[in-house]
Amino acid sequence: MTTLTMGGNAPVPAGDLTVVVEWASTPGLEEIDAAAFLLGADGRVSGDADMIFYGQKGDGAVRFERVPGHVPDRDASVFHIKTASLPDRVQRVAFSGTIHGARETGMHFGRIAGLRISVQSAQGDAVAFIPPPASNGETALVIGELYRRDAGWKFKAVGQGFASGLASLASAYGVDVEDTAAALPPPAPKPQPVAPPASAPIVQPTPKPINLSKVSLTKERPTVSLEKRSDYGDVTVNLNWSRAKTGGLSGLLQRGGGGIDLDLGCLYELTDGSIGCVQALGNSFGRLNQEPFVALDSDDRSGASVDGEWMRVNGRYFTNIQRLLVFAFIYDGVPNWGRTDGVVTVRVPGEGPVEVRMEEGSNAKRMCAVALIENDAGQMRISREVAYFRGHDDMDTAYGWGLRWKAGSKN
C-alpha cells in the first residue's frame, strides 16, 4: 500500500475502484457525512446529480454505500467507482467529509481520531491518506480527489479543512443545496424555553461561501489577496516536480545518471527587520514556533517522491512576517526547467490552493524565485514571480534582501 502525505499524489489503476472514508468511533460524534463531487475542468458539477452521498446514492459510475462498524470501533462510507463509465466531462472526483450536527455538538475534525481515506483497485493495489489533525475548528474537509492524468487516473491527498458545513462546500462546487436541514438527517429537537412571537421571523445566518477552487497564478493574473485574518493557521508550501520528465537521454547526461535535485526554500523578512533564509543548504531548516515561524519539512533529492518538498508557515504569527520569497533551486543535475514540470502550491486553511507553475525559464540559471507572500496591512497577498537567476546572490540583489552569501552544501 502506498501511503501519502498531504499534497502527495500517486497513480491508481483504471477500472473499478473502491474509495473508503473511515474514522474511529469518537464520543460526541454523531456522524461524518461523506460525499463525492463529479467535477468538470472548471472545478464545478454539471448538475445536482453530480453530488453523490447517502441521500443520493447514485446508480451509475459512482455509487455510495454506508458501512457502520466497518471494522471494530470504526465507521465508514464507501464509494464504488467505475472509471470507464465516467463521462469525459468529469475530470475530477473530489471526496469530502462534513461533521453532522457540528454546530449543536461543538465537534470538529481536530477532535476526531483515525480519519483515513483509501483507494483500492480490483487488482488489490491501494493508496491511502491519513489527514493531519485539523487545528482551526474545521467542520468540513476535502479529504482527497481522483483526477485524470494523460490516459489514466491519479489520487491526490488534499486534507483541506473549512469551518463551515455541507451547504457552503457544495455551493463552491456548484451544487444547489436549498435547505440544509432537508439535505441532512435532522438532529434531535431541543426544547425552547420561550417560543418567539409569530410576528418575529427567525432569521438564520447565511454561511459565507467558501472558495475551494484552485487558483492558478499566471502572467495575466499574477496576484491573489486572501481575506484578512488575525490567524491564518497552518500554511503549507509544496514544491513538486516530475522525475520522469528528466529521465531518458537527458537523464543519462546528468551527474550521477539521475534526475534533477530541485530544492525548496525561502528568503524571509520579519516585521522587526530580521532577515534570513530557510533551505536545506547549510542545514538552515528554520523553526515553526519561533522566529522565523517558517520550517522546511523534507528534502527530496530525486523528484521521485509523490510528495515533493514541503515548507510550513505558522500563520498564527503572520503579523510577525513581512514577506517571504519562495524559491526553487537546482542543487544537482543539468538545469532543464522545461522538463521538471515544477509547480509550487500554497495552501491556506479555508482557501482554495494557490498554484504557481514554472512554465518557462533559462536553462543557464539554477535559481527560480517562484512566489512572493506578503503581509499587506494584515492581509496575505500571494504573487507569481517566476524569475530566474544564476544563484542566491543575484536573486538577493534583485529583491533587495541584503544577505551575505557563501558556498554551502547539504550533508
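Going by the structure above, here's the rest.
Every value quoted in this text rests on a predicted model; they were computed, and no experiment measured them.

This paragraph deals with the sheet that holds strand 4 (residues 32–39). In space, the six strands of this open sheet follow the order 2-12-11-8-4-5, with antiparallel pairing throughout. Strands at the two margins of the open sheet, each flanked by one partner only, are strand 2 (9–12) and strand 5 (51–52). The pairing of strand 2 with strand 12 (residues 152–162) spans four bridges and is classified as antiparallel. Within strand 12, the position partnered with Pro-11 by the bridge is Lys-154.

Attention now goes to the sheet that holds strand 20 (residues 309–314). On the basis of which strands lie adjacent, the open sheet formed by seven strands has the order 13-23-22-15-20-19-18 and mixed pairing. Taken across any chain shown, the strands that pair with only one partner, and hence form the sheet edges, are strand 13 (215–217) and strand 18 (286–287). Pairing analysis gives three bridges linking strand 13 to strand 23 (residues 354–357), with the strands arranged parallel. Each bridged residue has a counterpart across the sheet, and for Val-215 the counterpart in strand 23 is Val-354.

Those residues of helix 6 (residues 392–399) that sit buried are His-392, Met-395, Asp-396 and Tyr-399. When helix 6 is viewed along its axis, its buried side chains cluster within an angular range of 100° and face the same direction. In this structure, helix 6 carries Thr-397 and Ala-398 as exposed residues pointing more than 90 degrees from its buried face. Looking at the residues trailing helix 6, positive phi occurs at Gly-400, about 65°.

Bringing the environment of Thr-2 into the picture now. Mapped onto the fold, Thr-2 is located in strand 1 (residues 2–4). Under the relative-accessibility criterion, Thr-2 is labelled partly exposed at 36%. Remark: the alpha-carbon pair of Thr-2 and Val-127, spanning 125 residues in sequence, is separated by 4.7 Å. Discounting chain neighbours no more than four positions away, the residues touching Thr-2 are Ala-10, Ala-126, Val-127 and Ala-128.

A separate point is the pairing of strand 25 (residues 379–389). A regular strand places its side chains on the two faces of the sheet in alternate fashion. Both strand 14 (residues 223–225) and strand 25 contribute to a ladder of three bridges, which runs antiparallel. Pairing of Ser-225 across the sheet is with Arg-381, part of strand 25. Hairpin remark: strand 24 (residues 367–376) followed by strand 25, antiparallel, with two residues in the connecting loop; positive phi at Ala-377, about 55°.

Parameters at a glance
Residues numbered from 1 in each chain as written. Predicted model: local features only at pLDDT ≥ 70, side-chain atom pairs only at ≥ 80, totals over all residues. Heavy atoms only, no water. Pairing = 2+ DSSP bridges. Helix = DSSP H or I, 4+ residues; strand = E, 2+ residues; numbered from the N terminus. Buried < 20%, exposed > 50% of the residue type's maximum accessible area, 1.4 Å probe, protein only. Arc of directions from axis to C-beta. Contact = heavy atoms within 4.5 Å.

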